[in-house]
Amino acid sequence: MTLDVGWALRWVRGSAEVVAEHRAELIELDRQIGDGDHGENMHRGFTATVARLDALEEPPAQVGDVLKLLATTLMSTVGGAAGPLYGTAYLRAAKVTGLTELDSAAVVAMLEAALEGIVARGKAAPGEKTMVDAWTPAVAAAVAAADRGEPPAAVLAAAAEAAADGVEATIPLIATKGRASYLGERSAGHADPGATSTALLIRAAADAAAR
Ligand code: ADP
Ligand code: MG
Ligand code: MG
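Here the structure is a predicted model, which means the values were calculated and not measured. (Residues numbered from 1 in each chain as written. Chains lettered and ligands numbered in written order. Predicted model: local features only at pLDDT ≥ 70, side-chain atom pairs only at ≥ 80, totals over all residues.)

A word on the overall build of the protein chain
When helices and strands are counted, the protein chain shows nine helices and zero strands. Scanning the protein chain from its N terminus toward the C terminus, one meets helices and strands in the order α-α-α-α-α-α-α-α-α. Its C-alpha atoms give the protein chain a radius of gyration of 16 Å, near enough to 17 Å, the size a compact globule of 211 residues would have. Overall, the C-alpha framework of the protein chain stretches about 45 × 40 × 30 Å when taken along its three principal axes. Residues classed as buried in the protein chain amount to 55% of the 211 residues present. (Helix = DSSP H or I, 4+ residues; strand = E, 2+ residues; numbered from the N terminus. Rg over C-alpha atoms; globule rule 2.2 N^0.38 Å. Buried ≥ 20, exposed ≤ 12 C-beta atoms within 10 Å, placed from the backbone.)

Structure, rendered in structure tokens:
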């Protein structure tokens, strides 16, 4: 059982759908502790990515090609903190997935590379109420699932579940990175928008693998 370029395309298109469905929710979360644009930023980036995929004359050959197109589009179309962070994540993920088929170890390497990219770019540690608080447990759960010998789809499902738990765990936290940190203690009591979008995107990866 491996994941191919068809999975990557379903992931990106599924991500665009889920971001569109949750656009208002992401805006509302960011309105609570930021500037209210996260849903719009993400929606713009994924809409542009789907448009670029639709315009390709040749379908992408490898998983890494799809992730690279996503990364460069997010970097050039999404403003704010999330654009460069997700752009770096997907670019690092693209670099370790220059393969046509991903096994569980390759899925783990992809998720690890994404998290490393986010940390390299944003310098946030776990517990600072950012998307790192969804990615970190997701990577840990993926590693554990792969170590148990689970197939790629189950590795992604475990990561998605852990990311969602990570979102819940951001609620009581006080933000110390990004815009939400300007609120200080008043940032507590709300889920982090970027962690929330991360959980949606990893769930989309798992759903694309389950089909
Ligand atoms: P902006 O805050 O610039 O308006 P967005 O609203 O699109 O950008 O994204 C906000 C999200 O970005 C936050 O909810 C948080 O998850 C994430 N974020 C902000 N700064 C950092 C950072 N230094 N490291 C990791 N994630 C961050
Ligand atoms: Mg914002
Ligand atoms: Mg903004």
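A closer look at the site of ligand 1
Not every one of the 24 residues close to ligand 1 is listed here, only the nearest: Gly80, Ala82, Gly122, Gly178 and Gly194. Of all elements in the fold, only α3 (38-55), α5 (82-96), α6 (104-122) and α9 (193-210) reach the threshold of two or more residues within the shell around ligand 1. Per element, the largest residue contribution to the shell around ligand 1 is three residues, and it comes from α9. Looking at the shell around ligand 1 residue by residue, the class counts come to nine nonpolar, eight polar and seven charged. (Near = placed C-beta within 6 Å. Nonpolar A, V, L, I, M, F, W, Y, C, P; charged D, E, K, R; others polar.)

Considering unusual backbone geometry
The general pattern is negative phi for most residues beyond glycine and trans for most peptide bonds. Although it is not a glycine, Lys123 sits at a positive phi angle of roughly 55 degrees. Here Lys123 is to be found in the loop between α6 and α7 (132-147). The exposed category is assigned to Lys123, around which 11 C-beta atoms lie within 10 Å. Phi at Lys129 is positive, roughly 65 degrees, even though this residue is not glycine.

Section: the packing of helix α1 (residues 5-21) against α9
Two elements in contact, α1 and α9, have axes whose closest approach is 8 Å; the angle formed by their N-to-C orientations is 135 degrees. By the angle class used here, α1 and α9 are oblique. Judged by the sense of rotation from one axis to the other, the crossing of α1 with α9 is right-handed. Counted together, Trp7, Arg10, Trp11, Gly14, Ser15, Val18 and Val19 of α1 and Leu200, Leu201, Ala204, Ala205, Asp207, Ala208 and Ala209 of α9 form the full contact between these two elements. Grouping the constituent residues of the contact of α1 with α9 by class yields 10 nonpolar, two polar and two charged. (Axes fitted to C-alpha atoms, helices over the stretch in contact; angles between N-to-C directions. Parallel < 35°, antiparallel > 145°, perpendicular 65-115°, else oblique. Left-handed = near helix turned anticlockwise from the far one by under 90°. Contact = placed C-beta atoms within 7 Å.)

Remarks on α5
Taking 1.5 Å per residue, 15 residues should reach 21 Å; α5 reaches 21 Å between its end C-alpha atoms and fits that length. Where α5 is concerned, the buried positions are Ala82, Leu85, Tyr86, Gly87, Thr88, Ala89, Tyr90, Leu91, Arg92, Ala93, Ala94 and Val96. Where α5 is buried, its residues meet α3, α4 (63-77), α6 and α9. (Expected span 1.5 Å × (residues − 1).)

Looking at α4
Its 15 residues place the ends of α4 21 Å apart at the C-alpha level, agreeing with the 21 Å of an ideal helix rising 1.5 Å per residue. Within α4, burial applies to Val63, Gly64, Asp65, Val66, Leu67, Leu70, Ala71, Thr73 and Leu74.

Here's the deal with the packing of α5 against α6
In the contact formed by α5 and α6, the axes pass within 7 Å of each other and the chain directions differ by 140 degrees. In this structure, α5 meets α6 at a crossing whose hand is right-handed. Listed contacts from α6 to Pro84, Leu85, Thr88, Ala89, Tyr90, Leu91, Arg92, Ala93, Lys95 and Val96 of α5 are Ala109, Met110, Ala113, Ala114, Glu116, Gly117, Ile118, Ala120, Arg121 and Gly122. In terms of residue class, the contact of α5 with α6 is built from 13 nonpolar, three polar and four charged.

Details of the environment of Ala162
Here Ala162 lies in helix α8 (residues 152-170). Judged by the 22 C-beta atoms lying within 10 Å of it, Ala162 falls in the buried class. In this structure the C-alpha to C-alpha distance between Ala162 and Arg92, which are 70 residues apart in sequence, comes to 21 Å.

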